Amino acid sequence: MNINITSDIKYVGVNDHDVDLFEGQYIVPNGMAYNSYVILDEKTAVMDTVDRHFTKEWLGNVTSVLSGTKPDYIIIQHMEPDHAGSIADFMKAYPDTTIVSSEKAFTMMKQFFGEDYEDRRIVVGEGDTLELGKHTLTFVTAPMVHWPEVIVTYDSYDKVLFSADGFGKFGALDVDEEWDCEARRYYIGIVGKYGAQVQRLLKKAAGLDISIICPTHGPVLTENLGHYINLYDTWSSYRVESAGIMIAYTSVYGHTKAAVELLAEKLREKHCPKVVVTDLAREDMAEAVEDAFRYGKLVLATTTYNADIFPFMRTFIEHLTERNYQNRVVAFMENGSWAPQAAKTMKRMLEDSYNLTFAKNSVHIMSALNDESTQQIEDLANELCKDYLAENDDTANKQDMKALFKIGYGLYVVTSNDGQKDNGLIVNTVTQLTDSPFRVAVNINKANYSHDVIKKTGIMNVNCLSVEAPFKIFERFGFHSGRDTDKFAGVTALRSENGLVFLPRYINAVISLKVEQYVDLGTHGMFICTVTEARVISDAETMTYTYYQQNVKPKPATDGKKGYVCTVCGYVYEGDELPDDIVCPLCKHGAADFERIE
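To start, this report covers the structure provided alongside it. Because the structure is a prediction, the values reported are computed rather than measured.

1. A few points about the overall build of the protein chain
Scanning the protein chain from N- to C-terminus turns up 16 helices and 35 strands. A compact globule built from 598 residues would reach a C-alpha radius of gyration of about 25 Å, and the protein chain, at 28 Å, matches this within 12%. With the principal axes as the frame, the protein chain shows a C-alpha extent of 85 × 75 × 40 Å. The buried share of the protein chain, taken over its 598 residues, is 54%. Restricting to contacts in the protein chain with at least 6 residues of sequence separation, those with at least 24 account for 67%. Accessible area of the protein chain: about 26400 Å², with a carbon and sulfur share of 48%.

2. Describing the pairing of strand E17 (residues 242-249)
Counting buried residues along E17, seven of its eight residues qualify, which places the element largely inside the surrounding structure. The pairing of E17 with strand E19 (residues 295-305) spans six bridges and is classified as parallel. In the strand pairing of E19, Tyr249 is matched with Ala301. In terms of strand pairing, E17 meets strand E18 (residues 275-279) through five bridges, oriented parallel. Within E18, the residue paired with Ala248 across the bridge is Thr278.

3. Focus on the environment of Leu262
Tracing the sequence through the fold places Leu262 in helix H8 (residues 255-269). Residues Leu262 and Ala381 lie 119 residues apart in sequence; the distance between their C-alpha atoms is 9.9 Å. Once residues lying within four places of it in the same chain are set aside, the contact partners of Leu262 are Leu369, Thr374 and Ile377.

4. Some words on the nonpolar core
Counting 88 residues, the largest nonpolar core has Phe22, Trp58, Ile87, Phe90, Ile99, Leu300 and Phe316 as its most contacted members. Dropping the residues within four chain positions of it, Ile99 is found in contact with Ile74, Ile76, Ile87, Met91, Phe106, Met109, Tyr117, Arg120, Arg121 and Ile122. Core analysis: the second largest hydrophobic core is formed by 30 residues, Phe474, Leu503, Val510 and Cys584 among them.

5. Topic: the environment of Lys398
Among the secondary structure elements, Lys398 is positioned in the loop between helix H13 (386-391) and strand E24 (412-417). Assessed through its relative accessible area of 16%, Lys398 is described here as buried. Along the sequence, Lys398 and Ser496 sit 98 residues apart, while their C-alpha atoms lie 9.1 Å from each other. Within the local environment of Lys398, its side chain forms a polar contact with the backbone oxygen of Asp393, the two atoms lying 3.2 Å apart.

6. Considering the sheet that holds strand E9 (residues 73-75)
With mixed pairing, the seven strands of this open sheet are ordered in space as E1-E2-E7-E8-E9-E10-E11. Among the strands making up the open sheet, the edge pair consists of strand E1 (3-4) and strand E11 (121-123). Note: strand E7 (residues 37-39) against strand E8 (residues 45-47), three bridges, orientation antiparallel. Across the sheet, residue Ile39 finds its bridge partner in E8, namely Ala45. Where helix H4 (residues 103-113) meets the sheet, it contacts strand E10 (98-101) and E11, and its direction lies at approximately 120° from that of E10.

7. As for the sheet that holds strand E34 (residues 572-573)
Taken together, three strands build an open sheet; the order of strands is E34-E33-E35 and the sheet is antiparallel. The open sheet has two edge strands with one neighbour each: E34 and strand E35 (594-596). Relative to E34, strand E33 (residues 564-566) runs antiparallel, the two sharing two bridges. Each bridged residue has a counterpart across the sheet, and for Val565 the counterpart in E34 is Val572.

8. Side note on the pattern of salt bridges
According to the stated counting rule, one finds 28 salt bridges in the structure shown. In this structure, Arg120 and Asp119 form a salt bridge, with 3.6 Å as the shortest nitrogen-oxygen distance. For Arg120, a relative accessible area of 21% gives the class partly exposed. The closest approach of N and O atoms between Lys204 and Glu126, which form a salt bridge, is 3.0 Å. Pair noted here: Lys204 is in helix H6 (residues 195-205) and Glu126 is in the loop between E11 and strand E12 (129-131), with a separation of 78 residues, a long-range link. Judged by its relative accessible area of 33%, Lys204 falls in the partly exposed class.

9. Topic: the pairing of strand E14 (residues 151-155)
In regular strands, side chains alternate between the two faces of the sheet. E14 sits mainly inside the fold: five of its five residues count as buried. Side-chain alternation along E14 places Ile151, Thr153 and Asp155 on one buried face and Val152 and Tyr154 on a second face that is also buried. Bridge count for E14 against strand E15 (residues 160-162) is three bridges, and the pairing is antiparallel. Considered in E15, the bridge of Tyr154 is made with Leu161. Hairpin connection of E14 to E15: four residues between the antiparallel strands, including Lys159 at a positive phi of 55°.

10. What to know about the packing of aromatic side chains
Throughout the structure, instances matching the rule amount to 25 aromatic pairs. Between Trp58 and Phe90, the ring centres sit 5.6 Å apart and the planes meet at 40°, which makes this aromatic pair tilted. Residue Trp58 is found in helix H1 (residues 55-66), and its partner Phe90 is found in helix H3 (residues 87-93); the two are separated by 32 residues along the sequence. The buried category is assigned to Trp58, whose relative accessible area is 0%. Among the aromatic residues, ring-to-ring pairing joins Phe167, Trp179, Tyr187, Tyr228, Tyr232 and Trp235 into one connected group. Across from the ring centre of Phe106, 4.8 Å away, lies the NZ or CZ of Arg121, which sits over that ring.

11. Digging into helix H10 (residues 311-322)
Spanning twelve residues, H10 covers 16 Å between terminal C-alpha atoms, matching the ideal 16 Å at 1.5 Å per step. Within H10, burial applies to Met313, Phe316, Ile317, His319 and Leu320. Projection of H10 onto a plane perpendicular to its axis shows the buried side chains occupying an angular sector of 155°, all on one side. On the buried face of H10, the contacting elements are E17, helix H9 (285-294), E19, strand E20 (308-309) and helix H11 (342-350). In the segment just after H10, Asn324 is the residue with positive phi, at about 65°.

12. What about the packing of H8 against helix H12 (residues 371-384)?
Interhelical geometry of H8 versus H12 gives an angle of 40° and a closest axis separation of 9 Å. Viewed along their axes, H8 and H12 adopt a mutual orientation that is oblique. Here H8 and H12 pass one another in a crossing that is right-handed. Facing Ala259, Leu262, Leu263, Lys266 and Leu267 of H8, the residues of H12 in contact are Thr374, Ile377, Glu378, Leu380, Ala381 and Leu384. For the contact of H8 with H12, the residue count by class is eight nonpolar, one polar and two charged.

Procedures and definitions
- Residues numbered from 1 in each chain as written.
- Predicted model: local features only at pLDDT ≥ 70, side-chain atom pairs only at ≥ 80, totals over all residues.
- Heavy atoms only, no water.
- Helix = DSSP H or I, 4+ residues; strand = E, 2+ residues; numbered from the N terminus.
- Rg over C-alpha atoms; globule rule 2.2 N^0.38 Å.
- Buried < 20%, exposed > 50% of the residue type's maximum accessible area, 1.4 Å probe, protein only.
- Contact = heavy atoms within 4.5 Å.
- Areas by Shrake-Rupley, 256 points an atom, 1.4 Å probe, with all protein chains shown as cover.
- Pairing = 2+ DSSP bridges.
- Core = buried A, V, L, I, M, F, W, Y, C linked by side-chain atoms within 4.5 Å.
- Polar contact = N/O pair within 3.5 Å; in protein donor to acceptor, adjacent residues only side chain to side chain.
- Axes fitted to C-alpha atoms, helices over the stretch in contact; angles between N-to-C directions.
- Salt bridge = Lys/Arg side-chain N within 4 Å of Asp/Glu carboxyl O.
- Phe/Tyr/Trp six-rings, centres within 6.5 Å; stacked < 30°, edge-to-face > 60°.
- Lys NZ or Arg CZ within 6 Å of the ring centre and 35° of its normal.
- Expected span 1.5 Å × (residues − 1).
- Arc of directions from axis to C-beta.
- Parallel < 35°, antiparallel > 145°, perpendicular 65-115°, else oblique.
- Left-handed = near helix turned anticlockwise from the far one by under 90°.
- Nonpolar A, V, L, I, M, F, W, Y, C, P; charged D, E, K, R; others polar.

Here you go:
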């Protein structure tokens, strides 16, 4: 199959509809694509090979594109046999070709083929380049994404990133299917353990001007690249992708299943946006693992079995832990007729996982549901849906003044509306003044657009950020001005009774305020307000300024630089003296928030 990627880059990969289990375990009903590309220039380069079962078809594709010429280079980015299985046959067909790859890859070639091509090779590492003519290829090392020898390749002429297994998906290219689902299953199943390594690669890629992504599996990505990159960022940082609860269960005689079905019904009644129920004995295990990583909350329900837990549940939990399952809420349901201990066993299996929050309520079934275990299901559903109930207008306690306890020397998003669009900004000075009536003071820099909007409208919402908030929240609301930016573009926001938005995620409380008094503090204005509505969204800890500095804000890239760094966003001003009137071009903070690079 020959496809033009650009005028110089041709697709020569193959589709595999014979495979039933990819890598011996992943069900692929729509087959697989093994992607390979040819770059035509003064010198010609072939990018990767294909599985050995399709060598003949692939070589025919390559020969067709070359039109009688011979390739100068073959670049091997990854030595897994589905991409490197045809190296030996290619080198027999084109013996004068030079292989370009990493040092570790050549070691693996020796292991696979008994030959490391010492007389016909170029070893490349981080930042090395290869000139083809107008195309300059730059190599970026990507160890453990998801093998140690992996490199990716950037073509600066056509702005193409050849991403190896990155951004790949299950499914052949002659089948039309949604990218997200099969790419997620592929990533979580195959690459999921190596989130830290993928994060490092994404940071390297952030400095490249990329127009096209050419993976070794799945379609070439040419549009809406931000969507795919954001998903990879979410997956590799183990953040929650979608709001919802997954229930994974096993059931022998149907009693545990009945309890699961009752819980699912309760969760839906309490406004859980998505409930996914999976029978681990009957459904695709890879799909189940994918959903566990996709949603923010997981319920594990199983029986005590041979003084342990049911085998499919044990396998499922092992799949989670070996892929670094983290940053989730986990609850347990157990069943047993004489000595139930499944909950204890499941919790012990997960205890070494990072940043898991175990629900306070559990469900303990003795053989079959009774009044006591039914009430436990009700209690668990209330705990898991606390945030959903608070977000819903019909069920929220809108006078829950415990929301004020979430205020500390923390970080908040203050939202407002100028009559045409919603706006928000980061503040760190919100203070409760009195409790009869409830009054709160909010200080806002006069230079911020929100200051003028709130002074005019007299209302605002204070969104109390939780420690779950990623840096992108601070970028969105802290580094741009609402005068020329729609900060809620693409966000499905929620609204309080005053008509203003509040964030759908990453907050533990929202407080609606009505301005009663304004105090001019020179550079800032103090808004003294009464509380008109207060909702507690979750029990997550409040994001303090210290926590933000130590755990959320990226470390500034100051190595080798002289000058001053903005302590808010990390912007570096290179100069011997810091201007007194400097305004950070990213976060708009002044000289007081800069410190000298030591």
